[in-house]
Structures are given as structure tokens and as C-alpha cells.
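Here are the chains, one letter per residue:
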Amino acid sequence: MAAAAAAEFVSGMDDCRLKPPMLRSVVRDRLPNDKRPFRPAELTAVLSHMRTHGLLSERHSDIAERKLVEAWRSAVDGWVERILSLASNSAPDKCWAGICLLGVTSEECCPDRFQSSYAIWFHKLIENFQSPSATHIIKVACCASLADLFTRLACFPYLKKDGTLLARKVIQPVIQILNEDVGETLWDVAVKLLCTLMSFFPSSINQHYDTVEAVLTSKIMAAKCDLNTSKKFSLGLAILPKVKGDEESFCLVIQKILIAINSILTDAFQGLEEEKKSSEVMRMIVPPGKDPPPPLGGQTLPGEAFEPATRRLSELLVPRVTTLMHSCCIMLTKPYPFPVSIPVRPLLATVRRVLQVDGSFHGTLFPLITSMHQELLCAELPALHLGCLDFLIAIITGLRSQLLPHGANVVRLLTEYFRRARMPAIRRKVYSIVQMLLISMGVGMSLYLAQEVINNAFADLTDNLELGSSELLSNMQSSILVGGTFRQNYHKKRKRASVIPVEHSNGVDLSVKTCSKKSQAPLSVKISALKALEALLTMGGSLKSECWRPDVDFLVIIVATNAFDASWANENKLCLLTDESSFADYQLATLEVLLASLLSPSHSRSPYLSQGLDLFRRGRQETGSKIATFCAHALLALEVLIHPRALPLVDHPPPNNNLSVGEGFYQSFASGNFNSSTKTNLPSFSKGDLGLLDEEDEELSSGWFDEEERTSLENSNLNDKYNKTTKQLLNVSEDIMEKPLAINSEVSHPVLEYEDKFSQNVGVEMKSFGRGETTIDKEKTEESTPRNEISVHNASPNKMDFGQGNSAVSTAEMTLWKSDSLVNISENMSNHGSNAPGLSIDKIKQDSTPTRTPNLYKGKDAMLSYDSDSFSLDSLPDIVDGDPDSE
Amino acid sequence: MELIVASSSVDTGIGCWDLVSGAEQLRYRSSASPPHGLISVSRRFLASSQLRENPSSSSAPIFFWSWEKPQVQVRSFPAEPIGPLVSDSDGSYIIGGGSSGAIYLWEVASGKLLNKWTAHYRSVTCLTLSDDESLLISGSEDGSIRVWPLLMIFDDIAKESGENIYRYNFSEHALRVTSIISGQGLCNSIVISSSEDRTCKVWSLSEGRLLRSISFPSIIDAIAMDPGEHIFYAGCRDGKIYVAALNVEWNPVRNYGKFIIDSLSDNSKAITCLAFSLDGVSLVSGSEDGMIRVWNTKTGQMTRLLKHAKAPVSNVIIVRQPSKINQVSLSRKHEQSLMAPPLDKYTDSREDGVESKAVKMIHQISDDFDNSSYCAALVMSSQIKELQQNASSGAVQMELERLRAECKRSMQTVQQWKKLYNDLQTTFVNELLNGVNVDGS
């Protein structure tokens, strides 16, 4: 009984045994036949039924079940038989249904069945296709089904010859259809069929090559079809070189297309560009001394000859040019089975030509040119520019690394255009090109594009920032101050920093921007600006970025904070206002760029880390949103900054043998001075301390500052030690700073005042330590004084015995500090100090550490110069810093 | 599968071994290459610069081998002997350093010499590309190291402005630079250089300065970085491979010198070249005694000893499974397209001509199926919609046809009925008449 039941019932919806009966019932109950009338709705159901269940696939999970195999095969036999009879039905609707289903069958059926019966199906289709009584809708269905049949046929390489024979029979009628005025739907599938034949059975087209080119060109030039169909025409033109399958035909086609584009442009741009421009570009396409190729599509364009005069040039301009450009795009980006050579310079010249026309009159006025013409052209120009930018994108993506020789040209073209571009859609596209270039061409590109990206991003992103508003002030006091300072610094620096000359004022003049609120960039532009900025920070965040990193980091944190403070609440409201990009997308983009800004290595530790972490933490709680997902990812990524896994490469004394303490020390040390910050901080600290020296010392030190370049070997050796002692203090200070604060935001306040006083990059956190401590930990103020004294002692090696002196001082320090919570740190310090095999010299050379007068050292040479051999080569003057070439 | 590929400074051919099994593969003939003169161009083919046959000859060729054949496939004759070669990962360019201090940049697909510039005063000894392949780092016999943004090299306008086109010039090395490698990281990567002044120096690309200098007991000729960049290996002329610290702590227990952690040694002659495998464990070294040694860096043991030749090994590289070597034999045409034409001797004189600026692309052969999507089902659905709404002329036309057919059918029915009616009538009339006749009779 149980066995019988198991045989009766299938195991579920995936059971293969279900399928034969299902197919039979479809054939029996759903398909129209001689008696059953045709109902379109039912056919939809049949179609979806078949495709979801794979009723025609005849794929068995279990080969052994012969019964099932047989049942399924007979069911499909029945289906095919019915379809074929429908296809020969005289009633047009039933015939149509049969033809369509034949197409679906050739896609879905099993390979064996296809191979055995494709010829029959083909003849059935071609019969209908060519019958004089075939209606429009049947022809459409025939084309679609034939295209599918050939596509499937291409999956069987050994049937290629047969396929080519069959394809030859189709070509003629297809071309005929394209030549007739039969309406867009039919053209659409006909060109689709043509493309299929060209890409899979190219040899069948060989003798019709010119006809195909002519017919496609006339269709493109007529510009009667909508965008989708035109794109298919351009695809057809682009795969035409596959028919001949060699490099020359590819070059010829692309050359012809370029000529066609440029001659259209010459007509359109009369009076709006320099006259010689056209011939210049043409000379690039066809080098002097060579015969120009015949025009695209043969001698006469049939479509154009009968062009009614009513259609204006401007009406045809954009569809023609963009379609032709789209052809080029496909040719550039799609793979061809043979090596191709791409004429990059003419392509770029064409792009440049279009982008340079902004609709203003140029040079001598033609009498023909009316303001009417200008007006019409200006209306079309944005679309033309957008098409042209797509073209540029295709050039960049198509050439990949081989863009390199032309990289500088592309950048120049783009940056010039960027300064003029105003329209949101255009700006968005330019930003995306910039992003693409930065990511594909790496650091080298960021050297070129940094300034431009920053200028534009500042302009677009700061237009509605409420800088100076009370809300912001309360939230980000320190940041505002930072902004204030670096705005001053910025101009100072820019004078010597900017590689690319900047003509127009950039957005750093926040005060100006806040006034002109009317020119607000739409959200979508802001998003792409953020994305470009992100790419810049990712690729070139640390190479030669000293002059712009602080500004950008500041902008990023401000934008991100604003995006979040403004609006957890009114997210939905804003969604309705902007059609394409929601505010949530904007927030996401700000977070992405913030992450890049925090992660991208810079020469000093990011002052906004804690604010950033806070934002990410808040964002993570927006359950279920993309923002939450991203914030979780960001927190993971930032974890490395908090617990660095790598030690800084910059030389420093290694820890002592007791690793347990040493490790802890290293962690805090490394996190405090990620990478090079320690080093740059050192001099400032000592400078600060100099203030505590007595008068004569100060005088001396001012003299030493001048001499520091000529530091002698022994000096550097001493310096070495000297550095160590200061570094101890530094470590302490870092820890003090981190423990109570854990957040650097307040620190950045004094930082910049300091920066004003001293040179730009120096000593950011050091000075802040001194102040931060007084504000944070009042109890320590008395202690801080003696410690400063110690630092003075440390800093004056002439009073000390260096062999053991370090540890002695450190322990002395320790005794002073016993009461507070920093005992183990100072322990580290002493370990650190006593084990001092010496820093490599290169660091010291770069430090502007005040040095003692040489004569003070002289007596100590002998006992201090340990390991002096290793220094002998290093002590050559370092000319890396401030290398005039690198500026 | 990874292959060890090695060449020698004397003509002993190029040896090829499977890294894992140690089985020797094809040996490519006739190559005597200088240090850093052997590369695999995006795994498509092998390229090697050659040493001059005798010191008096003014030039030396560059040879290409396809993976399948032992003979030299393509011979190029540059204007001067080329020492180091480097190629980008796409295999678009080959860059070579000349003995005069000039650097040559060729396009692989066309063989064109795209650019040539004087980079150093003395001969170029080593070349490497930064991680993102936008910066070229060159080292010279005079000890200088220069960093070139490749974009800038082609920027004629910037060149005319008289600026130096290099980004950095490191001159800390006192003697000939023997090897340069570049680490991971987009713009923040490090570069390690070794020199005959017995030091290795670690540079920061982003800051353009020296980070660390490590002195070794003898001259270092080869360096290789551990993939995690914790340590690096330095092959020394005293036959040892020293392990130096980058991102690890250094315990001064062993007496090697500052930052040197350990050493690998097999009592060999001077180490001339090093390569690190992608598995992150195997280090391959070539030595002056003509042997190639494979080390397990985890255990510090030598795991394999391969004999290349009696002459010193000058280059060892590790190549991942060369593309398509094991697939069905390629068509002749395709095979040729994988091979490159010879490299030009001079830059094209028609510098401004259009022809010379055309970029030649070799596409990876792929089955292009993206415009091959099946369309019948889609067309059918859209037509059904049309039919349901009678939205298009086609649909209307079909409806018309249908109605016409129906009309025809109805007409036929009418005719039939009519005929039937007539028949019936005649029958009845006849019967009636007959009946009357009968009655009447």
C-alpha cells in the first residue's frame, strides 16, 4: 500500500516525474488548437509555466528511470508536434502563437532534440517569414524566433557550416525588411537577428558586407527610431568588422565613423568653433597623403537623399552623433577575436572638439549663422556633451593601461572642461570619469587630478554647509577652529603647492560660499563629488598630499557630521524632493568618504578619528539600512587604527627582553604615533621645552638651530640619545593624552594655534599635550612642572652620563610619578631607555632637533660613539627633505 | 601550478621547474641574461635581455620565447644593451634600462618604442614598478634611485616646462644599486633597495624619504619581501640569505647586526637572485654555483636543490601557471596573436603621425555572448501585451485578420445555412407538389 502511494505521489515540486504529465496537460488544456480559440492571457501562463518548471529541458536527475525518460520524450514530442501544426495554421493568431513558441522551444529544449530537428523548425519559420500573407506581427515573431534558433545553433561548434548555410537564406529578407518602411518593432528584431548572424555566422554575411553597412548607416542617419533601437543599429555597425575578421576592416569602420561624426559636427558647429578645427581633426583621422576612405554606408545615403527639409539639422544632430559615438564605444570596449589598433588621437580630438563648443560665438561670424541656429544648438548641446563624455568613458575603459601615453592629454582635456561644466548631469558624469581615472591609473593620476578634484568638490560640497551656525559651533567647536586656521594656511601653502594652476577661486573660501546659497548643487552631484573624493583619498591619500590632506579631512568630517545631524528624521521627506538620489544615498556616500579619509595613511594621525567612530557607531544602529551595513564594515576597518598590527617602520629602539610589558608599550606607542607622527612631533616638543631653558641656553640654542644641517657624526650620535629621552617623554605624553581623552577632538584646538606659531607640520600633538593635560587632569599640574624640568635635563646631555643616564633619569621620573596611574608606562619607559642601541641616523637628520654646541661634545666623543661604523655611510647629508624637484 | 624560471649569465638556456614537484619542464635555449633581465610578460611569454657576446659589440638583443617552444621566437635589437627589464601586469608595456642610463618603454602589442629618456648618468641596474603600476623606480650604477610617474613621462607639456620628470631622487646609496623591490599598498607602499655599499634601505614612497637603513656583513645582490611585509630576505655575497625586520620586533640576540633577525644558509656561493612564491612560504634563491634552492621560510629549511647549470644563476622568477599552456592546442593564428612583434630600435620618426599613435590592443579571446541573449520569449510577452490591449498597429492588423477570417467563416456558415434552407425548401416544395399531384390524381 505504502509502495503504491509512493509511486502515485511525486516527492514535491522539484520531482522530475511531475513534468511529463504537466507538459501533457499544458498541451491538452492550454494551447490553442483547431477548435480551441486563441487567448493571449493563457499563452502568458503557458510561457511562464514552461520556463519555471523547465518542462522542455528533459533533464533527469536519475538516468535509470527509463519510464520517465520515455514519458517525457513523448510529452515533448506532443508539444513540438502541436507547435508545428499551430505554426502552419492559417489563422494568423494561432500561427503567431506557434512561431513564438517555436522560438522559446529552440531556447529551452534539450541539445539532442535541437540537433535533430532544428532544420525542420528553421524551414517552418522561414516559410512563414517569407510568405506574402505574413502580417507584421508574424514577421516580428519570426525574426525573434530565428534569432533564438541561430543563437542556440552557435552553441554547437560542429554545426557551424550548416548554420552558415541556413543563415545565408535569411540575410536577404532581413536586409529587405530593414530597407522597407515597416515600423520600428520589426526593425528592432530584424537588426537583432542581423547582429546574431554577424557575431555567430560571420561568413554568411561576407558578400553582403557593403549592403549591411549601407542599410545600417541609413537607419542611423535617418534617426527615426527611439534610443533602444538606435543602440541596436550602432551595435550592428560595431560588430560589422567581425564579418571580415581582420584588423583593417576594424580600422576602416572606426575611421569612417569618425569622419561621419566630424562632418556632421562641422555642419552643426559653423561659427561656433574655430574654422580650422574641423580640418585639423580630419587631418588626424586621415593623415595627409593618404586617400580618405569612402563615406560610411557607401556613396549615397538613401535616407538622406529624401530627407524632408522640414527636419532641422539640430533635430538630427544629437541622435546621429550619439548613435555613431555609441558604435565607437562598443568597438572600443567589446572584445574582438583579432588584435585591433585604436586610433586614440583622432578619438580624443573628436571628444575635445565637442567638449570645447559651449555655444558661444567664435571668431568671424558667418552670415548664415543666425541667433536662431545658436539657440537651437544650445538646446541640444548638453545631450551632445553627455554623449561625448560617454564616449570618453569608453575610450578610457577600452584602453585600460594603454591609455598611459595619452593620460596627460585626457587629464588636461577633462580638467579644462570641469572648470566650465555647470549642469548637474554633466558634473556628475565628469566626477565619475575622474573617479574612474583615479582608480585605474593610480597614484600617478592623483598627482595630476588632486587639485582639480579638491577645488570642485569644495565648491559642490560646501555650498550649503552651515559653517558658523550655532549648531555646528556647539558640536564641533574645535573643527571650526581648525577650519579657520587652515584656511589661512591653505592660501599660504597653495602658492607653492599647486602643480596645476588654479584659475578660479575654490570652495575653500567658505565664507563666500555660504552667502551664495542659491547655487546649491543637487544631491546627486554631491554624491558623485564625494565618490571622486573617496577615490582620491584611496589612491593618492598620502603621496605628496601634505598640502591638501588637512583641508580635505576637515571637509569630509564636516560634511559627514552635517549629513547626520541634519536629518535622521527628515530622511523620508527629502526622499520625495529629489527624484534620483535619496538623502540616504548621500549619507552613505559621506560615510564612505569619511572611512577613506580616516583609513588613508597620512603623515599625522587623523584628528577626527573619534568623531568618525562616533558617527559610525550611530549609523550602525540604523537597523536594516545600507548605512548600518556599511558602518559595521567601517568599524571593522577602523579597528586596525585602534589596535595596529604592524609596528611603525620608522626606526626606534626596540624593547627590552621582557616582552609582556614591552608589547603593551608598543601597542600604545604605535597607536599614538601612527607612522611618522612621532618623528615630526619631536622637534616641536623640544622647541617648546626650550622656552624653559635659561637665558644663555636659549641663546645657544638659537645658534644651534642654524648649525643643525652640519651636524657632525658625534652630534648625531648624541642626538640619537637625546631623541630617546625626548621620546620617552613623548610616550608618556601620548599616554596621558589618550587615557583621559581617548578622543582627539579637543586636542586639535590648541594644535592649530600652535601650528600658526611654528611651521606647518610640526609638533601637532606635542604642544597639545601640554595644554590638554592642564585642562584634563588638574591634579597633575604641580607634577607637570618638575617633569618639564626633567625634560630639560634630559635634553641637555652635557650634564649627564649617557651610559646609564637614561635609565637613571627615567627612574627618577618614575619616582615623581609613583602616585598616579601611569606607573607601568614609566616602567616601560625605563626599559625602553636603558636598552638603547641607537636610532638610525636618517631620522635625526630630518628632525630639527636642537643640538648642542659641538665643543660640548668633543670631550665625550670616545665614550659616546658606539656603533659609529654603521653611521659612517648614513651620515651623508640628507637632501630628501624639501627636495626642490619634488615640489 | 607555479613555475620556477631561471636563467644564467652564461649561455645555458632558461630552466623551468615545477615549484611543488621539482620536475623540470621545457628548457628554453640560448639565453645569457644580466641580473633582472628575465621577465614573464603577463604570463603570455618569456622575455629576456641578453648580455653582449663580446665587450666590443655595441648592442645586445632582447629575446622572446613562447611557452611552448624552446627556440627563441622573436629577436629584437635595441639601440644599446639593455640590462633590467620590467613589464606591467597587463603585459602592455616592456620597460628596459640601458647601459647608457636611458630607459626605454615599448608597447608590447605593436613593438613600438613609445618613449626613451635619459634617467641616470650611469647605466641602469634595476627597475621595478610600484604596486599600482603608476610609478617606475629605477636604480643605477652610480647609486641613485629615481621614482618616475609614468604619466609624467608622456606629458610633453610638463616636460617642456623644464621640470624634472622624476618625483624623487634618492642618492643615499654610495655605490651601485643592485636590486629594488616595491611593496604592497597603493600610494603608501615601501620600496627596499640594496646596494654594493653593503646596505639595504627602506624608503617610503608616499613621503619620499628613507625609513630605515640596514647594514649587512657583505654586499646584497638580491632582495625579496615576505608577502605580509613583516620581514624581507636579502641574498648576500657571502652565500647567506639574511632575514631582516620590517614590521617585526628585532631581538638583538644573534650577532648579525641591527635589524637582522636570522639567516638561511646552505654553504653556497654568493646568492644572486631571490623570488618569493605566492604560497607565502617558499623562497627560491639562485646562486653563483649554478644551483637553485627552494626554502621553506616557516621552518628555515632548504626543501629542494635544483641544478640549473655550471654557470652562475643570474635570474630566478616564479611564474604562475602560464596562461593556457595546458588547454587544447591553440590555433596557429591565436598562438601568433599571443606572441608579440619585435621591439623597435628607435622611436617612430613620424612621431606626430597618426599611425604611430594608434594603440594596438590584444583582447583576451572570449566567447562573446553578451549580445546573444535569447529574445523570443521577451518579444512574445510584449506582443501578448499588445494583443491584449490592441495597442499597436500590428495587433490591430492581426485582430483585423482574425475578424476577417471569422467573417469569412460566418459567411460560409451563412452560405451553408442558405443552401440547407434552399435544399429543404425544394424538398418540401417538391414533396408538396408531388403530394398535390398524388392527391389530385
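None of these values were measured; they are calculated from a predicted model.

Draft legend 1. Just the overall build of chain B, in detail. A tally of helices and strands in chain B yields six helices and 28 strands. Expressed as a percentage of the 441 residues in chain B, the buried residues total 49%.

Draft legend 2. Structural detail: the overall build of chain A. A count of helical and extended segments in chain A gives 41 helices and one strand. Burial status across chain A gives 46% buried among its 887 residues. For chain A, the proportion of contacts with a sequence separation of at least 24, taken over those separated by at least 6, is 80%.

Draft legend 3. How the structure looks around the pairing of strand E2 (residues 14-18) of chain B. Residues and elements named next belong to chain B. Most of E2 is tucked away: four of the five residues are buried. Direction of pairing for strand E1 (residues 2-8) relative to E2: antiparallel, over a ladder of five bridges. By the bridge assignment for E2, Ser-7 is matched with Ile-14. What sits between E1 and E2 in their antiparallel hairpin is a turn of five residues, with Gly-13 showing a positive phi close to 80°.

Draft legend 4. How the structure looks around the nonpolar core. Ranked by internal contacts, the top residues of the largest apolar core, which has 306 residues, are A:Leu197, B:Ala234 and B:Ala244. A total of 20 residues in this core trace back to one element, the largest contributor, which is helix H19 (residues 424-461) of chain A. Not counting residues up to four positions away in its chain, the partners in contact with A:Leu197 are A:Phe150, A:Ala167, A:Val170, A:Ile171, A:Ser204 and A:Ile205.

Draft legend 5. View of helix H10 (residues 209-222) of chain A. Residues and elements named next belong to chain A. Along its 14 residues, H10 runs 20 Å from first to last C-alpha, staying within 8% of the 20 Å computed at 1.5 Å per residue. Of all 14 residues that make up H10, 11 are buried, and the element is covered over most of its length. Considered for burial, the residues of H10 that qualify are Val-212, Glu-213, Ala-214, Val-215, Leu-216, Thr-217, Ser-218, Lys-219, Ile-220, Met-221 and Ala-222. Looking one or two residues beyond H10, the residue adopting positive phi is Ala-223, at roughly 50°.

Draft legend 6. Looking closely at the packing of helix H17 (residues 371-399) of chain A against H19(A). Residues and elements named next belong to chain A. Relative to each other, H17 and H19 sit at 10°, their axes nearing to 10 Å. With respect to their mutual orientation, H17 and H19 come out roughly parallel. From H17, Pro-382, His-385, Leu-386, Leu-389, Leu-392, Ile-393 and Ile-396 reach across to H19, where they touch Ala-425, Ile-426, Lys-429, Val-430, Ile-433, Met-436 and Leu-437. Here the residues of the contact of H17 with H19 are counted per class, giving 12 nonpolar, one polar and one charged.

Draft legend 7. Seen up close, the domain arrangement of chain B. The domain boundaries assigned to chain B delineate domain 1 (2-357) and domain 2 (377-440). The gap between the C-alpha centroids of domain 1 of chain B and domain 2 of chain B is 88 Å.

Draft legend 8. Broad picture of the packing of helix H11 (residues 227-244) of chain A against helix H12 (residues 247-268) of chain A. Residue and element names in this part refer to chain A. The geometry of H11 relative to H12 is characterised by a closest axis approach of 8 Å and an angle of 155° between their N-to-C directions. Relative to H12, H11 is oriented roughly antiparallel. Our pair here, H11 against H12, has a crossing hand that is right-handed. When H11 is examined against H12, the residues Leu-240, Pro-241 and Lys-244 are found in contact with a partner set consisting of Ser-249, Phe-250 and Val-253.

Draft legend 9. Inspection of the confidence of the model for chain B at higher detail. All names here are of chain B. Across chain B, the average pLDDT comes to 84, with 89% of residues at or above 70. Looking over chain B, one finds the lowest element-wise mean pLDDT in helix H4 (residues 354-357), namely 45, and the highest in strand E11 (residues 124-129), namely 95. In the model, residues 325-331 has pLDDT below 50 throughout and makes three contacts with residues more than four positions away in sequence or in other chains. Taken as a whole, residues 351-356 scores under 50 in pLDDT and shows 12 contacts with residues more than four places along the chain or in a different chain.

Draft legend 10. Broad picture of the sheet that holds E11(B). Residues and elements named next belong to chain B. Taking strand neighbours across the sheet as the criterion, the four strands line up as E11-E12-E13-E14 in an open arrangement whose pairing is antiparallel. The two strands at the open ends of the sheet, each matched to only one other strand, are E11 and strand E14 (168-170). Recorded for the sheet is a direction-independent mean angle of 20° between the axes of neighbouring strands. Bridging between strand E13 (residues 145-149) and E14 involves three bridges; their strand directions are antiparallel. For Arg-146, the partnering residue across the bridge sits in E14 and is Asn-169.

Draft legend 11. Up close: H19(A). Residue and element names in this part refer to chain A. Relative to the 56 Å expected for 38 residues at 1.5 Å per residue, H19 spans just 13 Å between its end C-alpha atoms, considerably shorter than the ideal helical length. In the structure, H19 departs most strongly from a straight axis at Gly-442, where the bend amounts to approximately 135°. Most of H19 is tucked away: 32 of the 38 residues are buried.

Draft legend 12. Just the confidence of the model for chain A, in detail. Residues and elements named next belong to chain A. The pLDDT averaged across chain A works out to 71; a share of 60% of its residues lies at or above 70. Segment residues 1-6: pLDDT under 50, and zero contacts once partners within four positions in sequence are set aside and those in other chains are kept. Low pLDDT, under 50, characterises residues 569-578; the predicted model gives this stretch eight contacts beyond four residues in sequence or across chains.

Draft legend 13. Representation of the sheet that holds strand E26 (residues 301-307) of chain B within the structure. Residues and elements named next belong to chain B. Spatial strand order, E23-E24-E25-E26: four strands in an open sheet with antiparallel pairing. If you trace the sheet from one side to the other, it starts and ends with strand E23 (271-276) and E26, each paired once. Put simply, the sheet's adjacent strands are angled 20° from each other on average, direction ignored. The pairing of strand E25 (residues 291-296) with E26 spans six bridges and is antiparallel. Within the sheet, the bridge partner assigned to Val-294 lies in E26 and is Arg-304.

Draft legend 14. Structural view of the pairing of strand E9 (residues 102-107) of chain B. Residues and elements named next belong to chain B. Most of E9 is tucked away: five of the six residues are buried. Where strand E8 (residues 93-98) hands over to E9, the hairpin turn is made up of three residues, of which Gly-101 adopts a positive phi near 100°. As paired strands, E9 and strand E10 (residues 113-118) are joined by five bridges and run antiparallel to one another. For Leu-105, the partnering residue across the bridge sits in E10 and is Asn-115. With antiparallel pairing between neighbouring strands as the criterion, E9 and E10 make up a hairpin whose turn holds five residues, including Gly-111 at a positive phi of roughly 75°.

Draft legend 15. Structural view of unusual backbone geometry. Residue and element names in this part refer to chain B. Although it is not a glycine, Arg-198 adopts a positive phi angle of roughly 70°. Positionally, Arg-198 belongs in the loop between strand E16 (190-195) and strand E17 (199-204). Since 19 C-beta atoms lie within 10 Å of it, Arg-198 is described here as partly exposed.

Draft legend 16. Broad picture of the environment of B:Ile231. All names here are of chain B. Within the element layout of this structure, Ile-231 appears in strand E20 (residues 231-236). Taking C-alpha positions, Ile-231 is 28 Å from Gly-96, a pair spaced 135 residues apart along the chain. If sequence neighbours within four positions are ignored, Ile-231 has contacts with Asp-226, Val-243, Ala-244, Ala-245, Leu-246, Val-248 and Ile-261.

Draft legend 17. Inspection of the UniProt feature "repeat: WD" (unreviewed entry) in chain B at higher detail. Residues and elements named next belong to chain B. Feature annotation in UniProt assigns "repeat: WD" (unreviewed entry) to the following positions: residues 117-148, 170-213 and 264-305. Helix makes up 0% of residues 117-148 and strand makes up 56%, while its end C-alpha atoms are separated by 11 Å. Annotation note: span residues 264-305, helix share 0%, strand share 60%, distance between end C-alpha atoms 14 Å.

Draft legend 18. Looking closely at the environment of A:Gly54. All names here are of chain A. Mapped onto the elements, Gly-54 comes out in the loop between helix H3 (40-53) and helix H4 (66-87). With 12 C-beta atoms counted inside 10 Å, the residue Gly-54 sits in the exposed group. For the pair Gly-54 and Glu-108, spaced 54 residues apart in the sequence, the C-alpha separation amounts to 7.4 Å.

Draft legend 19. Molecular detail of the environment of A:Leu324. All names here are of chain A. Residue position: Leu-324 is located in helix H15 (residues 313-333). The class for Leu-324 is buried, based on 27 C-beta atoms found within 10 Å. Sequence separation between Leu-324 and Lys-231 is 93 residues, and the spatial gap between their C-alpha atoms is 9.1 Å. Setting aside anything within four residues of it in sequence, one finds Leu-324 in contact with Ile-220, Ser-234, Ile-257, Ala-260 and Ile-261.

Analysis parameters
Residues numbered from 1 in each chain as written. Chains lettered and ligands numbered in written order. Predicted model: local features only at pLDDT ≥ 70, side-chain atom pairs only at ≥ 80, totals over all residues. Helix = DSSP H or I, 4+ residues; strand = E, 2+ residues; numbered from the N terminus. Buried ≥ 20, exposed ≤ 12 C-beta atoms within 10 Å, placed from the backbone. Contact = placed C-beta atoms within 7 Å. Pairing = 2+ DSSP bridges. Core = buried A, V, L, I, M, F, W, Y, C linked by C-beta atoms within 7 Å. Expected span 1.5 Å × (residues − 1). Axes fitted to C-alpha atoms, helices over the stretch in contact; angles between N-to-C directions. Parallel < 35°, antiparallel > 145°, perpendicular 65-115°, else oblique. Nonpolar A, V, L, I, M, F, W, Y, C, P; charged D, E, K, R; others polar. Domains from an automatic or database assignment. Left-handed = near helix turned anticlockwise from the far one by under 90°. pLDDT = per-residue confidence, 0-100. Bend = angle between axes of the 7 residues up to and from the residue. UniProt positions renumbered as here; feature names shortened; annotations may be inferred.

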